Amino acid sequence: MEWSLTARDRVGVQDFVLLENHTSEEAFMENLHKRFKENLIYTYIGPVLVSVNPYRHLDIYDEEHTERYRGVNFYEAPPHVFAVADNAYRSMRTEGRDQCVLISGESGAGKTEASRRMVQYYAATCPASDKVRTVKERLLQSNPILEAFGNAKTLHNDNSSRFGKYMDVQFDFKGAPVGGHVLHYLLEKSRVVHQSHGERNFHVFYQLLEGGDDELLGRLGLERNPGQYRFLVKGNCCTVHSIDDRREWKAVRTALSMVGSGDNEVEELLSIVAGVLHLGNLQYGEGTGRRGGNAYVTNDTLVTYLARLLGVNGALLTEALTHKKIVARGEELMSPLNPEQASSARDALSKAVYGRTFTWLVDKINASLAYNADVNARENCSVIGLLDIYGFEVFKRNSFEQFCINYCNEKLQQLFIELTLRSEQEEYEAEGIAWEPVHFFDNRVICDLVEQKFRGIISVLDEECLRPGHTDDFTFLEKLEDAVGGHAHLVTHRLADSETRKSMGRHEFRLRHYAGDVDYDVNGFLDSNKDLLFRSLKEVMCTSENKILRRCFDREELMDKRRPETSAVQFKASLARLTEILASKEPSYIRCIKPNDSKQAWRFNQALVSHQVQYLGLMENVRVRRAGFAYRRSYEVFLQRYKSLCPDTWPHWRGKLTDGVSTLVKHLGYKPDEYKLGRTKVFIRSPKTLFATEDALETRKHGLAAKLQAGWRGHSQKSKYQKLRNFAIEIQTWWRGILARRRAHHRRQAADTLRRFVKGFVYRREPQCPDNEYFLDYVRHQFLVKLCGNLPRNVLDKSWPTPPTALAEASELLRELCVRNMARTYCDRISPERKNQLEQKAVASEIFRNKKDNYLQSVAKLFVGTRLNKVQIKTKVFQALSDSERMNEKYLVPVVKYDRRGYRPRPRQLILTANSAVILESGKLKQHIDYRDLTGVSVSSLNDGLFVLHVASRSSDDNKQKKNKKGDVVLSCEYVIETVTKLAIYADKINHVNVNQEGRITFTPAAPGKEAVIDFTTAGSQLLVAKAKNGHLSVTVPQC
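Residues numbered from 1 in each chain as written. Predicted model: local features only at pLDDT ≥ 70, side-chain atom pairs only at ≥ 80, totals over all residues. Heavy atoms only, no water.

**Q** Help me understand the overall build of the protein in this model?
**A** In terms of regular secondary structure, the protein is built from 38 helices and 31 strands. Taking 31 Å as the expected radius of gyration for a compact globule of 1040 residues, we find that the protein reaches 64 Å, considerably beyond that expectation. When the backbone C-alpha atoms are referred to their principal axes, the protein occupies close to 195 × 100 × 60 Å. Classification of the 1040 residues of the protein by burial places 48% in the buried group. (Helix = DSSP H or I, 4+ residues; strand = E, 2+ residues; numbered from the N terminus. Rg over C-alpha atoms; globule rule 2.2 N^0.38 Å. Buried < 20%, exposed > 50% of the residue type's maximum accessible area, 1.4 Å probe, protein only.)

Structure (structure tokens):
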């Protein structure tokens, strides 16, 4: 807690005891407002927690906050409801004493939420098993049921508890919740039949109508519209935006199943709820004639519904609702009721049925939470009690319910003061410090005024209710004036002075409570106290077939001749039992405050909050707490926090804690009257002393922070360096080991490789065996690697690496495959024209290569499609050709023809077609040679252009053919290689081309039976063709 004192100017102090001006309500309110603006809704008054309702969700109840407060010292963390829950739990576990938490405050201040958060904390933090988890779940699920049947929307709160609740949570020796028990006090039954404007009836009615399915509502005879039911429309507020009745109904149905209610039992319970709604719609008429003034039921159908839902006889119910049974001198008489009395009886039955059903429901929850164990186990159980009870209430009209509620708060305030003073005195005595009596307002006098026998207000009210004769609320007021009229804390209109009478009615009396003056309206006091239900109605309800109602209305109640206790007496007795229970336990307190009446976030109404601070007795609590010493802490905690302020205690104190604290406070200059040293704690009287110490610590922190930072940085860097150095050494060692192992491995591999290589080299000429296998594989691999980088680049490249002996055959196969692949690749890439050219060149090579001298000169020259244009030949020549010859004309070339008479040269044109060769002269067709008649072609091996076409006759018997036969043709052409190649291809005479190597070509001239000869010589310097003296054709070819 001390850590927050440095920011006290902005967020206030976390403990009101530390306020400098602790007697000032203005200072109290300012501190509360500061914290509210900073979303700090919790503040301490010593061990008491003050809680302000924020009217919005705050993220301070999640798992992180739950763990933050688990097992933490009460003052080590900021104020929180979890801190109170954890402190009570740890005290129960360590001290073995039962605990209780008293949660009080006005309606809408957040009491129910605080109780729910306490149960949530225990469910989340306590040890768990399957059985314990079931108990936890039932503890959590009891809330939706009790809130549905016991909470309602009021002007101050949308979920106001209209009953007091005390829940015991039982823990076993392990600290796990194993059971629980719920006590309830003073359910506001009058809300069933009447609500103020802007308020609603209990939640369960609206949840049933909104969330129940159509089939269920049909069985219960209900409609979804709440406006159809008189008990739900009196407050004119059927719908609330902040309440989701449909969702809440689902939660209630789940919770009912969790606490052990079967489907049939739930059906009976809902039948009772529906029956109460139908009772509200029951109307009476006034009889005439002989039955004039008597009441009768106007809607018999509704009675039928009621009888079925409540499980009773319709006729008996009708009679009981319109008559009352009177027993006089042993005789029973049925007295008719007027409409007003019948309406009161109906409302009384509605309240009784609902109130007793609520009691049954609480008993049902208790049965599901009961700890079923042996006697020893139950005796070893510890208990934490949670009291969620109504706070002090002051309305414009305060009735009997407000009287009981405020009486309860007076008793709890009395208990609170007594327990607080007692705990303070016990702490002082345990620490060996003299106790100084504290003067405070003792409200015992007010409690005695209310509960004193024979003279107290409850006794007077009870006597007036039981007294025979005419009694009413005003006779009660008169009796009260006579009995306690002179009491200092009671004022009535008749006994008051003239100034006070102006603010009081004649039907009111004023009690001066510890929290302020409250005026109570006596109208309805007697009826509320009697809580009368006619005997005839009880008898009818005792006959119910509904099992829940049979338990609520026991027949033994009819046999009891004693007068039933009044409501005030019952409440007084239950309150006495409650105070006895609380006094036997170690108490913790939560005081809840609502900041405004409009339920708006961030709004803080000073007047409203001041009023609650007053009637909650918070200022009185602060004053009692500050009567002695404002601050106390154990030696260990105090010395640990402030030891840096003294050189003798910093950084470590080695001696006794008492001596250390004594040395520290002397160094700080504490005056003897400002502090006391107990046995285990140091007590500081004034907050100023603590604030001065805290401010000195804040100043000291800067110097300490610099030293700590320097030390820490040095330590951090040194640790970092040592860590990095160690890491580096480890990495280096590891890496060196890896390198050494690698080197050793490589050496072993190298030695093995060399050994196998040498052995393989020795046995390299032997057949493959394990000794030379590695070497041969290596040689093969190296050859293939070398071959991969030295493959021939084209077909003409004949280079090829020399293979090892073992790969000679494979090398040849690879070479052949490589050549084929290059050839195929080359062929795939060339165009059709280029392919035709190469095919012709290949034929030329086949014919002339190494045979004719001028062949090499022609290799580099491309063969062309023709050597003459068609325009160079007259048209009539083409007309002389056949159609097929004209269509298949392939090659034209100029030639020189040597005639048969003297071998004179004649310029001619040679046309090669698909079927024949045609020789032309100046546009005239000179000779037509069919390829079928062509027997061969002869050329010399020299560097000349002569070639001879050997032509044969088809039939020697054909005289005409003989006559026209011209013999072989001697031609000369500049393009002899090209021309002869094309002729051989077209005529399909490739194998009939003769390259004469003897220097002489023999051919047949036109005259039959004769042979002519062409002689070739290389004696000249130029090409000469002439007829020799011997009649031969002489060709002189220059040497190359």
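Text resumes after the structure shown.
**Q** Is there a simple way to explain the pairing of strand β26 (residues 969–972) in this structure?
**A** Both faces of the sheet carry side chains from a regular strand, because those side chains alternate between them. Of the two faces of β26, the one holding Val 969 and Leu 971 and the one holding Val 970 and Ser 972 are both buried throughout. One ladder, built from two bridges, connects strand β20 (residues 891–898) with β26; its direction is antiparallel. If you follow Lys 897 over to β26, its bridge partner there is Leu 971. Here four bridges tie strand β25 (residues 946–951) to β26, and the two strands are oriented antiparallel to one another. The partner of Phe 947 across the bridge, within β26, is Leu 971. (Pairing = 2+ DSSP bridges.)

**Q** It is not clear to me how the nonpolar core should be interpreted in this structure. Could you clarify?
**A** One broad trend across soluble globular proteins is that nonpolar side chains are buried collectively. In this structure, Tyr 122, Phe 149 and Phe 205 are the most contacted members of the largest nonpolar core, which totals 113 residues. Looking at this core element by element, the count peaks at 13 residues for helix α14 (residues 339–369). Residue contacts for Phe 205: discarding those within four places in its chain leaves Leu 232, Val 273, Val 276, Leu 277 and Tyr 354. Counting 88 residues, the second-largest nonpolar core is a separate cluster that includes Phe 16, Phe 36, Leu 102 and Tyr 390. (Core = buried A, V, L, I, M, F, W, Y, C linked by side-chain atoms within 4.5 Å. Contact = heavy atoms within 4.5 Å.)

**Q** I would appreciate a short explanation of the packing of helix α33 (residues 832–848) against helix α38 (residues 976–987) in the present structure.
**A** When two helices pack together, their arrangement is captured by the angle between the axes and the distance separating the axes. Running from N to C, α33 and α38 point in directions that differ by 100 degrees, and their axes come no closer than 9 Å. Our classification of the angle between α33 and α38 gives roughly perpendicular. Only Ile 977, Val 980, Thr 981, Lys 982, Ala 984 and Ile 985 of α38 make contact with α33, whose side of the interface consists of Gln 840, Val 843, Ala 844, Ile 847 and Phe 848. Grouping the amino acids of the contact of α33 with α38 by side-chain chemistry returns eight nonpolar, two polar and one charged. (Axes fitted to C-alpha atoms, helices over the stretch in contact; angles between N-to-C directions. Parallel < 35°, antiparallel > 145°, perpendicular 65-115°, else oblique. Nonpolar A, V, L, I, M, F, W, Y, C, P; charged D, E, K, R; others polar.)

**Q** Can you walk me through the sheet that holds strand β17 (residues 631–634) in this structure?
**A** Strand-to-strand pairing in sheets goes through backbone hydrogen bonds, with the strands running parallel or antiparallel. If you walk across this open sheet you meet the three strands as β17-β19-β18, and the pairing is antiparallel. Each end of this open sheet is capped by a strand with a single partner; those strands are β17 and β18 (675–677). Neighbour-to-neighbour, the strand axes of this sheet turn through a mean angle of 15 degrees, independent of strand direction. Two elements, β17 and strand β19 (residues 681–684), share four bridges in a ladder whose sense is antiparallel. Considered in β19, the bridge of Tyr 631 is made with Ile 684.

**Q** What should I look at first to understand the pattern of salt bridges in this one?
**A** Any two side chains of opposite charge can pair, on the condition that their charged atoms come close. Applying the stated criterion across every chain, the model contains 38 salt bridges. Where Glu 210 meets Arg 246, a salt bridge forms, and the shortest distance between an N and an O atom there is 3.2 Å. With Glu 210 in helix α7 (residues 203–211) and Arg 246 in helix α10 (residues 245–258), the pair connects residues that are 36 residues apart, well separated along the chain. You can call Glu 210 partly exposed: its relative accessible area is 35%. Under the relative-accessibility criterion, Arg 246 is labelled partly exposed at 40%. Beyond isolated ion pairs, a larger network of salt bridges with shared partners links Glu 113, Arg 116, Arg 117 and Glu 147. (Salt bridge = Lys/Arg side-chain N within 4 Å of Asp/Glu carboxyl O.)

**Q** Could you clarify how one ought to interpret helix α28 (residues 635–642) in this entry?
**A** An α-helical turn contains 3.6 residues, so a residue and the one three or four places further along point in the same direction. All of the buried residues along α28 are Tyr 635, Phe 638, Leu 639 and Tyr 642. The buried side chains of α28 occupy one side of the element, clustering within an arc of 95 degrees when seen end-on. Along α28, the residues that are exposed and aim more than 90 degrees away from the buried face are Glu 636 and Gln 640. Where α28 is buried, its residues meet β17, α29 (657–668), β18, β19 and α30 (687–762). (Arc of directions from axis to C-beta.)

**Q** Explanation requested: the state of the cysteines in the structure shown.
**A** A covalent bond between the sulfur atoms of two cysteines is what we call a disulfide. Evaluated as defined, the whole model comprises zero disulfides. Free cysteine: Cys 408, not disulfide-bonded; nearest cysteine sulfur from Cys 404 at 9.4 Å. Free of any disulfide, Cys 818 has its nearest cysteine sulfur in Cys 788, 11 Å distant. (Disulfide = S-S within 2.5 Å.)

**Q** How should the environment of Gly 227 be read in this particular structure?
**A** Looking at the secondary structure, you find Gly 227 in the loop between α8 (214–220) and α9 (230–233). Through-space distance from the C-alpha of Gly 227 to that of Cys 237 is 9.5 Å; in sequence the pair is 10 residues apart. Apart from residues lying up to four places away in sequence, Gly 227 is in contact with Val 233 and Cys 238.

**Q** Would you mind showing me how to read the sheet that holds strand β21 (residues 905–912) here?
**A** Strands sit in the order β23-β22-β21-β20-β26-β25-β24-β27 across an open sheet of eight strands; the sheet is mixed. Two strands bound the open sheet, and with one partner strand each, they are β23 (924–930) and β27 (993–996). Direction aside, the axes of adjacent strands within the sheet are offset by 30 degrees on average. Where β20 meets β21, eight bridges bridge the pair, whose relative direction is antiparallel. Bridge pairing in β21 places Pro 894 opposite Gln 909.

**Q** Any chance you could explain a negative patch on the surface here in plain terms?
**A** Residues Asp 59, Asp 62, Glu 63 and Glu 64 make up a contiguous surface patch of negative charge. Given the relative accessible area of 34%, Asp 62 is considered partly exposed. (Patch = residues over 30% accessible without salt bridge, like charges linked within 9 Å, V, L, I, M, F, W, Y side chains within 5 Å. Areas by Shrake-Rupley, 256 points an atom, 1.4 Å probe, with all protein chains shown as cover. Lys, Arg positive; Asp, Glu negative; His and termini not counted. Charge placed at Lys NZ, Arg CZ, Asp CG, Glu CD.)

**Q** Would you mind showing me how to read the packing of aromatic side chains here?
**A** Working definition: an aromatic ring pair is given by the centre-to-centre distance plus the angle between the planes. Scanning all chains against the criterion turns up 27 aromatic pairs. Residues Phe 403 and Tyr 520 carry aromatic rings whose centres are separated by 5.7 Å and whose planes lie at 90 degrees to one another, so their mutual orientation is edge-to-face. Of this pair, Phe 403 sits in helix α16 (residues 400–431) while Tyr 520 sits in strand β15 (residues 516–521), and the two are 117 residues apart along the sequence. For the pair Phe 403 and Tyr 520, a shared accessibility class is recorded, and that class is buried. Relative to Tyr 778, the ring of Phe 757 has its centre 5.1 Å away and its plane inclined at 80 degrees; by these criteria the two rings are edge-to-face. (Phe/Tyr/Trp six-rings, centres within 6.5 Å; stacked < 30°, edge-to-face > 60°.)

**Q** How should I be thinking about unusual backbone geometry in this particular structure?
**A** For the peptide bond that leads from Trp 650 to Pro 651, omega is 0 degrees, which places it in the cis range. Turning to its location among the elements, Pro 651 is positioned in the loop between α28 and α29. Unlike most non-glycine residues, Asn 236 shows phi in positive territory, near 55 degrees. Residue placement: Asn 236 occurs in the loop between α9 and α10. The exposure class of Asn 236 is exposed, given its relative accessible area of 58%. The phi dihedral of Lys 599 is positive, around 60 degrees, even though this residue is not glycine. When you line up the elements, Lys 599 lands in the loop between β16 (586–593) and α26 (606–615).

**Q** What is the right way to look at the packing of helix α11 (residues 263–280) against α14 in this model?
**A** Axis separation between α11 and α14 bottoms out at 9 Å; the angle between their running directions is 160 degrees. By the criterion of interaxial angle, the relationship of α11 to α14 is roughly antiparallel. Considering only the axes of α11 and α14, their crossing is left-handed. For the pair α11 and α14, the contacting residues are Glu 265, Leu 269, Ile 272, Val 276, Leu 279 and Gly 280 in the first and Arg 346, Leu 349, Ser 350, Val 353, Thr 357, Trp 360, Leu 361 and Lys 364 in the second. (Left-handed = near helix turned anticlockwise from the far one by under 90°.)

By themselves these figures say nothing about function.
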